[in-house]
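# A look at the structure
One letter stands for each residue in the lines below.
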Amino acid sequence: MTGDYRRFALTRGGQAIVVVLLTYVFTFLIISVLPGDAITNTLRDPQHGLSEEDIQRIVAFYGLDQPVIVQLLLSLGRFLTGELGFSLQSNLPVSQLVGDALPSTLTLATTALVIAIIFAVAIAYGAQYLPGKWAAVVRSIPSFFLSVPNFVIGLVLIEFFAFRLHSFTTTDPNSPVATLFAAITLAIPVSAPLAEVLIASLDHESRQEYALVARSRGLTEARLFAKHLVKPSALPSVAMVALIVGELLGGSVITETIFGRDGIGTVVQKAVTGEDQPVLQAVVSLSAVVFVAVNLVADLASPLLDPRVKLRETTLKEKVGA
Amino acid sequence: MTAILSNTQLRDLGSAPRKHTAGLPPATVLLSFAVVLVVILWSLVPGLFTSLSPVTGDTASKLAAPSAAHWFGTDYLGRDQYARVVYGTASSVTSALVAVLIGLVIGSIIGLASGFRGGWVDAVLGRFVDVLLAIPGFLLAVVIVSSLGFQTINAAIATGVSAVAVFARLMRAEVMRVRSATYVEASYLEGGNRLHALLGHVLPNAYRSVLVLAVLQFGTSILIIASLAFLGYGDPPPASDWGLLVASGKTYVTAPWLVYAPALVIVVTVLSVNRISRWLRNAK
């Protein structure tokens, strides 16, 4: 059993590393297919105030006078040793830019994740236990959440809570209240798929025999929900965590722009407008690393969370072996 | 037990007889179809819906509140916001269609190839799909559009590429499901080849779930393209893509309708598209 699990873990880990490397190459290809000589344009842009020496240094560092494949190998080699290069716009190390922006985005994303889980659990609970008509209304919330663009949610929240109710000011985007509203903006689209999975899973679990037995033994619905239904229903949600991390990262570009926060999303936006390729390359590759790592952890945790997963896999293997 | 039996029997009857018993779709679905129809007409014949111009305005009546003359009010140049929304539909909606088509065609080809060929083709294409999934969808779209240049058509291409993975996965799963079915094996025995199995069995079986996904993806694409336009990665003004309208409207705090009107149009459109997709899925 443990040998099986170790082999499973090693295969998944190997696959994860391959995907990260391929993602790096893929991103590099997309970015260097840029029409025109954008990288030199950026370097020569007088706004950035780079001296001729700086430019020569950057050209030599990235091998810009050499074929694309050499540039790729150079860049990939550095990435593997944790070296992310320099921003073309500010001449600062990319790791410093990302490092400075990371705490703000982490705060935002973590708060948003907590809010999204609260929303999703509340929606799923309501869909399960509210009387018929209300349950139907609650069940339609996720699809409504999925239809509202992130930027509209943000603008509406700012309009009402900042401009009318003065709960926070947009001039101080890092205050706790402003962060809370930015997190709600980010959380709403994220909570929708989570709620849908929870609802479906709760529907399924509450029909199982063990739920019936628990009810017959006099457990109240609330205790049944807390003690028996949450854990098995959480499994499919754990599998979604990787997807959610992607949503949080992508959504932060818009949310941070609207609320005027300085985070990874803002770094991306500035890099896009300034055609700052090393920064884009680094942020995309790092988000792929995060995504793949979270996915890997979710994959490795699933058999531990629910023994039925392991059981199913071994029986499948037995079938194939036979 | 009887429930299971009758379900199988229903499935065996096929879709034709069931359509008669199903009757009219629910009211919300009909309403959704009406909304989508209006949106399509807006993009095809915008002139029928407003006599006002989306690019020239009457500066005397700038930033006017919604009224009978200007349903959605006017912007800072006195341009009718309703006319701008109507004329912006074509690029907002067409680009979403382009995005879905790109995702559908490329994704289906990848999915069919990996499902049918298996082996190393499946392994290589599978890793490619993994790569597409590993980059957060919106971030991928942003990077591609920045690489191609800030135009709505490029935003559509970027959105399409970020949708390739989901279509590829679905198509591959459909092929795997049908490939080993007894009737496909039987068709091989009768001398049918892969192409025959593809045209005769896989595509007809997969068409329903692919359609559901395509409709759902259409709604998602409208949202992503609006977000890209909002960030200024689409056509520049005087184009009036819905996302761009919201972005330029947000500067005028005293004229909130400039934001709310196009925002509401986006929400209602996507909500309708999603409702239709859900109806198609459940009608299975």
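Residues numbered from 1 in each chain as written. Chains lettered and ligands numbered in written order. Predicted model: local features only at pLDDT ≥ 70, side-chain atom pairs only at ≥ 80, totals over all residues. Heavy atoms only, no water.

What counts is decided by this rule: UniProt positions are given in the numbering used here, feature names are shortened, and annotations may be inferred rather than shown by experiment.
Naming follows an unreviewed UniProt entry, where chain B appears as ABC transporter permease of Paenarthrobacter nitroguajacolicus. Per its UniProt entry, chain B bears the Subcellular location (unreviewed entry) comment "Cell membrane". According to the UniProt record, the Sequence similarities (unreviewed entry) comment for chain B reads "Belongs to the binding-protein-dependent transport system permease family."

You'll find chain A entered in an unreviewed UniProt entry as ABC transporter permease, with Paenarthrobacter nitroguajacolicus given as the organism. Looking at chain A in UniProt, the text filed under Sequence similarities (unreviewed entry) is "Belongs to the binding-protein-dependent transport system permease family." In its Subcellular location (unreviewed entry) section, the UniProt record describing chain A reads: "Cell membrane".

### Here we look at the overall build of chain B
Quick note on the threshold: Only runs of H or I of at least four residues qualify as helices and only runs of E of at least two qualify as strands under DSSP, and these elements are numbered from the N terminus. Note on classification: 1.4 Å probe, protein chains only; a residue is buried when its accessible area is under 20% of the maximum for its type, exposed when over 50%, partly exposed between these limits. Throughout, a residue-residue contact means that at least one pair of heavy atoms, one from each residue, lies within 4.5 Å.
The secondary structure content of chain B amounts to 11 helices and 0 strands. Each helix and strand of chain B, ordered N terminal to C terminal, gives the series α-α-α-α-α-α-α-α-α-α-α. Residues counted as buried form 49% of the 284 residues belonging to chain B. Of the contacts made within chain B by residues no fewer than 6 positions apart, 70% connect residues no fewer than 24 positions apart.

### Re the interface of chain A and chain B
The condition that has to hold: What gets called buried area is simply the loss in accessible area from a 1.4 Å probe that two parts show on being joined, summed for both. What counts as a salt bridge is simple: a side-chain nitrogen of Lys or Arg found within 4 Å of a carboxyl oxygen of Asp or Glu. Contacts described as polar in this section are N or O atom pairs within 3.5 Å, which, within protein, must combine one atom able to donate a hydrogen with one able to accept it, while residues neighboring in sequence count only if both atoms come from side chains. Under the grouping applied here, Gly and all other residues not named as nonpolar or charged are polar, the nonpolar ones being Ala, Val, Leu, Ile, Met, Phe, Trp, Tyr, Cys and Pro and the charged ones Asp, Glu, Lys and Arg.
With 42 residues of chain A at the contact, the number on the chain B side is 39 residues. Counting the surface lost from both chain A and chain B, the interface buries some 3300 Å², and carbon and sulfur atoms represent 79% of this. Across the contact surface, chain A and chain B share 0 salt bridges. Run the count over chain A and chain B and you get 3 residue pairs in polar contact (both at pLDDT 80 or more). Put simply, the parts of the chain that give the side of chain A that touches chain B at least two residues each are α1 (2-32), α7 (141-145), α8 (150-164), α11 (221-259), α12 (264-273) and α13 (277-305) of chain A. The element contributing the most residues to the side of chain A that touches chain B is α1(A), with 9 residues. Of the residues in the side of chain A that touches chain B, the class split is 31 nonpolar, 10 polar and 1 charged.

### Remarks on the packing of helix α3 (residues 27-44) of chain B against helix α11 (residues 257-282) of chain B
Residue and element names in this part refer to chain B. Selection criterion: All axes are obtained by fitting lines to C-alpha atoms, using only the stretch in contact for helices, and the reported angles, taken between N-to-C directions, cover 0 to 180 degrees. Should an angle lie under 35 degrees it is considered roughly parallel, over 145 roughly antiparallel, and from 65 to 115 roughly perpendicular; all remaining angles are considered oblique. What makes a crossing left-handed is the near helix being turned counterclockwise from the far one by less than a right angle; a clockwise turn instead makes it right-handed.
At their nearest, the axes of α3 and α11 sit 9 Å apart, and the two run at 130° to each other. As summarised for this structure, α3 and α11 are arranged oblique, according to the angle between their axes. Relative to α11, the crossing made by α3 is left-handed. Between α3 and α11, the residues in contact are T28, V29, S32, F33, V35, V36, V39 and W42 and V265, V268, T269, S272, V273, R275, I276 and W279, respectively. Per-class residue counts for the contact of α3 with α11 are 11 nonpolar, 4 polar and 1 charged.

### Quick word on the UniProt feature "transmembrane region" (unreviewed entry) in chain B
Residues and elements named next belong to chain B. UniProt marks residues 21-45, 96-116, 128-147, 153-171, 210-234 and 254-274 with the feature "transmembrane region" (unreviewed entry), using the numbering shown here. Overall, residues 96-116 shows 100% helix and 0% strand. The separation of its end C-alpha atoms is 29 Å. In this annotation, residues 128-147 is assigned 90% helix and 0% strand; the end-to-end C-alpha distance for the span is 20 Å.

### Comments concerning the confidence of the model for chain A
Put simply, the rule reads: The predictor reports its confidence for every residue as pLDDT, a score running from 0 up to 100.
For chain A, the mean per-residue pLDDT works out to 79, and 86% of the residues sit at or above 70. Confidence drops under a pLDDT of 50 for residues 311-322 of chain A, and excluding neighbours within four residues, the segment shows 4 contacts in the predicted structure.

### Thoughts on the pattern of salt bridges
Residues and elements named next belong to chain B. Evaluation of the coordinates by the stated rule reveals 3 salt bridges over all chains. Among the salt bridges present, the one from D122 reaches R172, with a minimum N-O distance of 2.7 Å. Residue D122 is located in helix α5 (residues 119-134), and its partner R172 is located in helix α7 (residues 152-179); the two are separated by 50 residues in the primary sequence. Under the relative-accessibility criterion, R172 is labelled partly exposed at 29%.

### Points about the UniProt feature "transmembrane region" (unreviewed entry) in chain A
Residue and element names in this part refer to chain A. If you check UniProt for "transmembrane region" (unreviewed entry), the listed places come out as residues 16-38, 101-123, 144-165, 177-199, 233-259 and 279-298 in our numbering. Along residues 177-199, the helical share is 100% and the strand share 0%, with 30 Å between the first and last C-alpha atoms. With 100% helix and 0% strand, residues 279-298 has end C-alpha atoms that lie 28 Å from one another.

### Description of the packing of aromatic side chains
Here is the rule: For Phe, Tyr and Trp, rings pair up if their centres lie within 6.5 Å, where Trp contributes its six-membered ring, and each pair is then called stacked (planes under 30 degrees apart), edge-to-face (over 60) or tilted (otherwise).
This model, assessed by the stated rule, comprises 7 aromatic pairs over all chains. Judged by centre distance (5.9 Å) and plane angle (45°), the rings of A:Y5 and A:F8 are tilted. One end of the pair is A:Y5 and the other is A:F8, both in helix α1 and 3 residues apart, which spans about a single turn. Given a relative accessible area of 14%, A:F8 falls into the buried group. Relative to B:F230, the ring of A:F151 lies with its centre 4.4 Å away and its plane at 10°, an arrangement referred to as stacked.

### Thoughts on the side chain of A:E159
Inspection of the secondary structure assignment puts A:E159 in helix α8. Residue A:E159 is classed as buried on the basis of its relative accessible area of 10%. Other than its neighbours up to four places away in sequence, A:E159 contacts A:R164, B:P256 and B:Y260.

### A few points about the side chain of B:Q217
Residues and elements named next belong to chain B. Considering the arrangement of structural elements, one finds Q217 in helix α9 (residues 194-230). On the basis of relative accessible area, Q217 is assigned to the buried category, the value being 11%. Discounting residues that sit within four places of it in the chain, Q217 has contacts with V100, A163, V166 and F167.

### Regarding the confidence of the model for chain B
Residue and element names in this part refer to chain B. The share of residues in chain B with pLDDT of 70 or more is 85%, and the mean pLDDT across the chain is 79. Here residues 1-21 scores under 50 on pLDDT; set against residues more than four positions off or in separate chains, the count is 3 contacts. In the model output, the complex is listed with pTM 0.84 alongside ipTM 0.83.

### Thoughts on a nonpolar patch on the surface
All names here are of chain B. Convention followed: Only residues above 30% relative accessible area that lack a salt bridge enter a patch, with like-charged residues linked at up to 9 Å and the nonpolar side chains Val, Leu, Ile, Met, Phe, Trp and Tyr linked at up to 5 Å. Computed with a 1.4 Å probe, the accessible areas rest on the Shrake-Rupley method; for each residue, only the protein chains presented here act as cover.
Where nonpolar side chains cluster on the molecular surface, the patch consists of L37, I40, L41, L44, V45 and L48 and spans about 570 Å² of accessible area. By secondary structure assignment, the location of L44 is in helix α3. L44 sits in the exposed class, given a relative accessible area of 64%.

### Some details on helix α10 (residues 242-249) of chain B
Among the 8 residues of α10(B), 7 are classified as buried, and the element is accordingly described as predominantly covered. Three or more residues of α10(B) are buried, namely B:W242, B:G243, B:L244, B:L245, B:V246, B:A247 and B:G249.

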